Amino acid sequence: DSGVTQTPKHLITATGQRVTLRCSPRSGDLSVYWYQQSLDQGLQFLIQYYNGEERAKGNILERFSAQQFPDLHSELNLSSLELGDSALYFCASSHFTLSGGDTQYFGPGTRLTVL
Amino acid sequence: GENVEQHPSTLSVQEGDSAVIKCTYSDSASNYFPWYKQELGKGPQLIIDIRSNVGEKKDQRIAVTLNKTAKHFSLHITETQPEDSAVYFCAASPRGSGYSTLTFGKGTMLLVSP
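If you're wondering where the values come from, they're calculated on a predicted model, not measured in any experiment.

(A) Expanded view of the overall build of chain A. Within chain A, the secondary structure is distributed over zero helices and 11 strands. Relative to the 2.2 N^0.38 estimate, which gives 13 Å for 115 residues, the radius of gyration of chain A is 13 Å and therefore close to what a compact globule would have. Residues classed as buried in chain A amount to 52% of the 115 residues present. Contacts in chain A between residues far apart in sequence, at least 24 positions, make up 55% of those at least 6 positions apart. Approximately 5400 Å² of chain A is accessible, and the part contributed by carbon and sulfur atoms is 49%.

(B) Region of interest: unusual backbone geometry. Note the cis peptide between T7(A) and P8(A), where omega equals -10°. Between H7(B) and P8(B) the backbone carries a cis peptide bond, its omega angle lying at -5°. A positive phi angle, close to 50°, is found at N51(A), a residue other than glycine. Here N51(A) is to be found in the loop between strand 5 (42–50) and strand 6 (53–57). With a phi angle near 80°, L72(A) is a residue other than glycine that sits in the positive phi range.

(C) Up close: the sheet that holds strand 3 (residues 19–24) of chain A. Residues and elements named next belong to chain A. With respect to topology, four strands assemble into an open sheet ordered 1-3-8-7, the strand pairing being antiparallel. Across the chains shown, the open sheet's two edge strands, defined by having one partner strand only, are strand 1 (5–7) and strand 7 (64–68). Neighbouring strand axes in the sheet, compared pairwise and without regard to direction, differ in orientation by 15° on average. When strand 7 meets strand 8 (residues 74–78), the two strands line up antiparallel, connected through five bridges. Pairing of A66 across the sheet is with L76, part of strand 8.

Rules behind the numbers
- Residues numbered from 1 in each chain as written.
- Chains lettered and ligands numbered in written order.
- Predicted model: local features only at pLDDT ≥ 70, side-chain atom pairs only at ≥ 80, totals over all residues.
- Heavy atoms only, no water.
- Helix = DSSP H or I, 4+ residues; strand = E, 2+ residues; numbered from the N terminus.
- Rg over C-alpha atoms; globule rule 2.2 N^0.38 Å.
- Buried < 20%, exposed > 50% of the residue type's maximum accessible area, 1.4 Å probe, protein only.
- Contact = heavy atoms within 4.5 Å.
- Areas by Shrake-Rupley, 256 points an atom, 1.4 Å probe, with all protein chains shown as cover.
- Pairing = 2+ DSSP bridges.
- Axes fitted to C-alpha atoms, helices over the stretch in contact; angles between N-to-C directions.

Following this line, the structure appears as structure tokens:
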């Protein structure tokens, strides 16, 4: 158990809909990362937050957005869902230092199925 | 941006054999190289990592080597056991300016047969 929690574990929805994925980082970790894992693209970095502020952006679609709240939990919002958005979504957390190269601990993931 | 290539995509070994997975990276600024193990239905679990100031690191049956000149790093698992069967991912991260995001390889499915 990494200490990172994600809810829900599974999510089934229809095209065009909007969903919210939730992540709670390990105790003491200030940084949260979101990744998407699909069979054809592998593990892709989406976005990073540090202490409530966006820190880095990866291959995140404009239909997707995220935020980190004062209690450090984070939510990933996916809207106007398409079949191709079906994937595993992972959250990771780290303590984060300015020198970089922090160890990231991953949660169990949310499996999103868009029908 | 960074690009990480991982080989092989699948690897089958007999219990007790050694397994080696290799990765290359493109960005010479990358300085942190973790390896993750992912079992079916679970999130990636960090098993070992190495930083650029070190050429080799060992943890029991697992070792990682890094060649910064050639820009490649490898995972070595000795005395493999059936419970080592999983998908293994290498990753690279540039260091400095607080940039900690990871670029992953495509993964290697390791199957250890009893």
